[in-house]
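These are the residues of each chain, in order.
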Amino acid sequence: MYSDKHAGPLRQKRILITGKGSYIGECFKKYLEKEPQRYLADCINTVGLVPGPDDFRGYDAVFNVAGIAHVKETDENRHLYYEINRDLAVHIAQAAKEAGAGQFIQLSSMSVYGKEEGLIRKTDVPDPVSAYGESKLSADEAAVQLESEDFKVAVLRPPLVYGRGCRGNYQMLRSFAVKSPVFPDYRNQRSMIYIGNLCEFVKQVIDKKESGLFFPQNSEYVDTSRMVMEVARRNGNRIRLTHIFNPAIRMLPLKIIKKVFGNLIYERTDTVNRYSFQESIALSERRAGRY
C-alpha cells in the first residue's frame, strides 16, 4: 500500500503532462501545485502535436494522459483510437526517451482486459473487445519495449475514476442519487479510484521512479448501492433502497446492468487510502472541492 509520506530526497522534479485539458491531467497538475518546492508541472496540448525531443527536454518524468475516450465507437471514428491512443502515445514515449526524460508514465485502462464481470489479476492475459481497449493495449506494449536502465516505463490501468467534475459512469449514478426516490438494494463489488487517490498514486510512482504494471485503486471495493446512498445523503435526497428490482438485475443480460451492478474487481494491489471512501464522496459533491 502506498503511504502519504514523501520518498527520496527533497528536490524539485519537473513533470510534463501530455494531454492539456484532460480531467486526470489537469487534476494531477493542481495536486502537484500544492507542493511547489518539490514539483514543477506543465501541461502540453497534444492536438496536432508531432512529438519531438525538444518538447520534452529538461523534464524528469512525462505523464501521458492524452487519448480519446467517452466517445461512441463507430466504423468512421475507429481509426482515431489507434492514431491517438496508440500512435501518438508511442511517439510521445520515443521523444521523451530521446530527450533524456528518466521516466514515462502511460495512463492505460481496465478496458484492455475486455471484461464486464469478474476478478482481474496482473497475470491475466489482456483480451480487449473494443477499439479503445485494443489501442490502449498496443500503446502499453510498445511503450514497455522502450524501457532501459535510464528510461523507466510505468503503465497504469486504473478502474473507474470518480471525482468532482469527472465524466463517465459516476455522473450517471450521481443523477440517480440526486433525483430518484428509490434505487436497487443490490450487493456488488467494483474496483474504483477517487481522483485524489489516483493523483497521490502517480506522485508516488514519480517520487520512487517506479516501472512496471500498476492497478491503482481505492483501498476498499465499492458497492454501487452504497455509493448512490452516500451521494444522495450529501445532496439531501432521502433515497430509499429496495430489493424489488433485484430479480430483473440478475436475469437481464444488458450491458448497462452489468456495468452498474456487476462485480468487476482487481486483485487487491496498488491500493491507495489518501482519501477514505466517505471523504472522497464528500469532496466529489462539494461545489468547491479539493483533492
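Residues numbered from 1 in each chain as written. Predicted model: local features only at pLDDT ≥ 70, side-chain atom pairs only at ≥ 80, totals over all residues. Heavy atoms only, no water.

(A) Representation of the confidence of the model for the chain. Chain-level pLDDT for the chain is 92 on average; 95% of the residues reach the 70-or-more range. Here residues 1–5 scores under 50 on pLDDT; set against residues more than four positions off or in separate chains, the count is 15 contacts. (pLDDT = per-residue confidence, 0-100. Contact = heavy atoms within 4.5 Å.)

(B) A look at the state of the cysteines. Evaluated as defined, the whole model comprises 0 disulfides. This cysteine, Cys-166, is not joined by any disulfide, and Cys-27 carries the nearest cysteine sulfur, 8.9 Å off. Given the relative accessible area of 4%, Cys-166 is considered buried. With no disulfide partner, Cys-199 has as its closest neighbouring cysteine sulfur the one in Cys-27, 5.7 Å distant. (Disulfide = S-S within 2.5 Å. Buried < 20%, exposed > 50% of the residue type's maximum accessible area, 1.4 Å probe, protein only.)

(C) Structural view of the pattern of salt bridges. Under the criterion given, the structure shown has 20 salt bridges. A salt bridge links Glu-35 to Arg-38, with the shortest nitrogen-to-oxygen separation between them at 4.0 Å. Considered together, Glu-35 and Arg-38 belong to a single accessibility category, that of buried residues. For Asp-140, the salt bridge is made with Arg-157, and the minimal N-O distance between the two is 3.1 Å. Of this pair, Asp-140 sits in helix α3 (residues 131–145) while Arg-157 sits in the loop between β6 (152–156) and β7 (160–162), and the two are 17 residues apart along the sequence. With relative accessibility at 7%, the residue Arg-157 sits in the buried group. (Salt bridge = Lys/Arg side-chain N within 4 Å of Asp/Glu carboxyl O. Helix = DSSP H or I, 4+ residues; strand = E, 2+ residues; numbered from the N terminus.)

(D) Molecular detail of the packing of aromatic side chains. Enumeration over the complete set of coordinates arrives at 12 aromatic pairs. Aromatic pair Phe-28 and Phe-63: ring centres 5.3 Å apart, planes at 80 degrees, arrangement edge-to-face. With Phe-28 in helix α1 (residues 23–32) and Phe-63 in strand β3 (residues 61–64), this residue pair connects regions lying 35 residues apart in the sequence. On the basis of an interplanar angle of 70 degrees and a centroid distance of 5.7 Å, the ring pair of Phe-201 and Phe-214 is categorised as edge-to-face. Of the two residues, Phe-201 is situated in helix α5 (residues 195–207) and Phe-214 in strand β10 (residues 212–214); the sequence distance between them amounts to 13 residues. Overall, Phe-201 belongs to the buried group, its relative accessible area being 0%. Taking the relative accessible area as the measure of exposure, Phe-214 reaches 6% and is therefore buried. Members of the aromatic cluster, connected to one another through ring pairs, are Tyr-162, Tyr-170, Tyr-194 and Tyr-275. Sitting over the face of the ring of Tyr-59, Arg-14 holds its NZ or CZ atom 4.5 Å from the ring centroid. (Phe/Tyr/Trp six-rings, centres within 6.5 Å; stacked < 30°, edge-to-face > 60°. Lys NZ or Arg CZ within 6 Å of the ring centre and 35° of its normal.)

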